[in-house]
Amino acid sequence: MSRLKSSKRARLPDRAFAYVDSRGRRRLPVNDKAHVQNALARFNQVAFENDDARERARKRLLNAAKKYRILPVGFITGQLRSEKHHATASRPALPTGFVTLFMSDIEASTTLLQKLGDRYGALLNDVRGMLRAAVVRAGGREIDARADEFFAVFERAAAASEAAVAIQRELGDRGWTGGLDVRIRVGIHSGRPTLTDVGYIGLAVHTTARVCSAAHGGQIIVSAATRVAIGASAPTGIRFRSLGRHRLPGLPDAETLFQVQAQGLRVNFPRPRTQGRAIPRRQRDDRRVGLDDRIRPAEGQLELPQPPA
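Residues numbered from 1 in each chain as written. Predicted model: local features only at pLDDT ≥ 70, side-chain atom pairs only at ≥ 80, totals over all residues. Heavy atoms only, no water.

J.: Please clarify how the overall build of the protein should be interpreted in this entry.
T.: Of the regular secondary structure elements, the protein holds 9 helices and 11 strands. Taking all 309 residues of the protein together, the buried fraction comes to 43%. In the protein, 64% of the contacts between residues at least 6 apart in sequence involve partners at least 24 apart. As presented, the protein carries roughly 18200 Å² of accessible surface, and 48% of it is formed by carbon and sulfur atoms. (Helix = DSSP H or I, 4+ residues; strand = E, 2+ residues; numbered from the N terminus. Buried < 20%, exposed > 50% of the residue type's maximum accessible area, 1.4 Å probe, protein only. Contact = heavy atoms within 4.5 Å. Areas by Shrake-Rupley, 256 points an atom, 1.4 Å probe, with all protein chains shown as cover.)

What follows is the structure, given as structure tokens:
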């Protein structure tokens, strides 16, 4: 493409440029097909004054590409990557070290989808809005929301239980159109996942998902690690009921599970959705090598892992 001569550039109207800044400087000429193609290639090299200016220039450029029947596949892909990078860069860093992970999903979501059809999207948005509000109020951070699943992280285990109770109360008080029964199940686990560019990974994440899957709609289940992390700092009115030790799919060891109880929450549920029956006390892991050297729990009490360092 030949360079646009100064004399010709000066005669072009402002509308022949994708970007005109507040000082009247004109960038990215789009007066013909060749210059539109060049502007698409150079767009990310331009220093825009603000995001609004960038968006206006982007729209002008796309309109020019449409006029000259240019399909800007590479440009659109590049913009998506740029926006994703910008969103990641501007997002506050997620906590590392010992954290508490919160996962929820909607019970019988497929049945709800079949009943509601296109209206299911509105219901899903309502539930996500309530989840986000409860998590933010308790000091947590959203990690991901995919289909009917919601994933968040807390630096304090007690705050995660507080958020879970708040959302279950709000859902219980909510009246849904058509008398629908919308219930979510919540699983909470504490550990040390690895934080990567794509989020958290590690056994702690998988354990959180399995604990969530063990719950029933309206129920909150936490792992022993979370129960220990909360210790005596549980929010006022929140109690924990032992559900025993259970084998969770894909995990090497059995997990001790606890149900969160609070005013306004349903109390009675079927046994957790786990593999087989709860492990009898006589079959628990106190027969492992080296455990005899540890102090055994008193009769009727559950042995929990040590609090995090």
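Following the structure, the description resumes.
J.: Explanation requested: helix H2 (residues 33–42) in the structure shown.
T.: Note that an α-helix has 3.6 residues per turn; residues three or four places apart therefore point the same way. Residues of H2 that are buried: His35, Val36, Ala39 and Leu40. Taken end-on, H2 shows its buried residues confined to a sector of 145 degrees, consistent with a single buried face. (Arc of directions from axis to C-beta.)

J.: Please explain the sheet that holds strand E9 (residues 220–223) as it appears in this structure.
T.: Each strand in a sheet pairs with another by means of backbone hydrogen bonds, the pair being arranged parallel or else antiparallel. What the 7 strands build is an open sheet, ordered E4-E5-E3-E6-E9-E11-E10; its pairing is mixed. The open sheet has two free edges, formed respectively by strand E4 (141–146) and strand E10 (239–246), since each of these has just one partner strand. Going from strand to strand, the sheet's axes swing by 20 degrees on average, the running direction of each strand aside. For strand E3 (residues 99–106) and strand E6 (residues 184–191), the ladder comprises 8 bridges, and the chain directions are antiparallel. Paired with Met103 across the two strands is Gly187, which belongs to E6. (Pairing = 2+ DSSP bridges. Axes fitted to C-alpha atoms, helices over the stretch in contact; angles between N-to-C directions.)

J.: What exactly am I supposed to notice about the pairing of E6 here?
T.: Side-chain positions along a regular strand alternate between the two faces of the sheet. Of all 8 residues making up E6, 8 are buried, and the element is well covered by its neighbours. Going residue by residue along E6, you find Ile184, Val186, Ile188 and Ser190 tucked away on one face and Arg185, Gly187, His189 and Gly191 tucked away on the opposite face as well.

J.: Teacher, can you tell me more about the pairing of strand E2 (residues 26–29) here?
T.: Of the pairings in the sheet, the one linking strand E1 (residues 17–20) to E2 comprises 3 bridges and is antiparallel in character. Counterpart to Val20 in the pairing with E2 is Arg26. Linking E1 back to E2 in an antiparallel pair, the connection comprises 5 residues, with Gly24 at a positive phi of about 85 degrees.

J.: Please explain the pattern of salt bridges as it appears in this structure.
T.: One side chain can pair with another of opposite charge once the charged atoms of both are near each other. Within this structure, the stated rule accounts for 10 salt bridges. Between Asp105 and Arg185 there is a salt bridge; the shortest N-O distance is 2.7 Å. Highlighted residues: Asp105 in strand E3 and Arg185 in strand E6, separated in sequence by 80 residues. A salt bridge links Arg183 to Glu107; the nearest nitrogen and oxygen atoms lie 3.0 Å apart. Placement of the pair is Arg183 in the loop between helix H7 (157–173) and E6 and Glu107 in the loop between E3 and helix H5 (109–116), with a sequence separation of 76 residues. (Salt bridge = Lys/Arg side-chain N within 4 Å of Asp/Glu carboxyl O.)

J.: Sorry if this is basic, but what is going on with the packing of H2 against helix H3 (residues 51–67) here?
T.: Packed helices, taken two at a time, are described by the angle their axes make and the gap between the axes. It is at 10 Å that the axes of H2 and H3 come closest, and there the two elements cross at 140 degrees. The angle between H2 and H3 falls in the class oblique. In this structure, H2 meets H3 at a crossing whose hand is left-handed. Seen from H2, the contacting residues are Val36, Ala39 and Leu40; seen from H3, they are Leu61, Ala64 and Ala65. For the contact of H2 with H3, the class distribution of residues is 6 nonpolar, no polar and no charged. (Parallel < 35°, antiparallel > 145°, perpendicular 65-115°, else oblique. Left-handed = near helix turned anticlockwise from the far one by under 90°. Nonpolar A, V, L, I, M, F, W, Y, C, P; charged D, E, K, R; others polar.)

J.: Looking at this model, I keep getting lost on the environment of Glu170. Mind explaining?
T.: By the element assignment, Glu170 lies in helix H7. Overall, Glu170 belongs to the partly exposed group, its relative accessible area being 33%.

J.: What is the right way to read the packing of aromatic side chains from this model?
T.: Aromatic rings considered in pairs are described by the distance between their centres and by the relative angle of their planes. Within this structure, the stated rule accounts for 3 aromatic pairs. Where Tyr19 meets Phe48, the ring centres are 4.8 Å apart and the plane angle is 55 degrees; that geometry is what we call tilted. One end of the pair, Tyr19, is in strand E1; the other, Phe48, is in the loop between H2 and H3, and 29 residues separate them in sequence. Here Tyr19 matches Phe48 in class, with each residue buried. A ring pair is formed by Phe43 and Phe48, whose centres lie 5.0 Å apart and whose planes are at 40 degrees; its orientation type is tilted. (Phe/Tyr/Trp six-rings, centres within 6.5 Å; stacked < 30°, edge-to-face > 60°.)

J.: Sorry if this is basic, but what is going on with the nonpolar core here?
T.: Inside soluble globular proteins, nonpolar side chains tend to come together where they are buried. Core analysis: the largest hydrophobic core is formed by 41 residues, its most contacted members being Phe102, Leu123 and Phe154. It is H7 that contributes the most residues to this core, 9 residues altogether. The contact partners of Leu123, leaving out residues within four places of it in the chain, are Ile106, Leu116, Trp176, Leu180 and Val182. Counting residues in each nonpolar core, the second largest holds 16 residues, with Leu28, Phe48, Ala57 and Leu61 among its members. (Core = buried A, V, L, I, M, F, W, Y, C linked by side-chain atoms within 4.5 Å.)

J.: Just to check I follow, could you spell out unusual backbone geometry for this structure?
T.: Trans is the common state for peptide bonds, and a negative phi is the common state for residues other than glycine. Positioned with a positive phi, Leu28 is a non-glycine residue whose angle comes to about 60 degrees. With relative accessibility at 2%, the residue Leu28 sits in the buried group.

So far we have only geometry, and geometry alone does not tell us how the molecule works.
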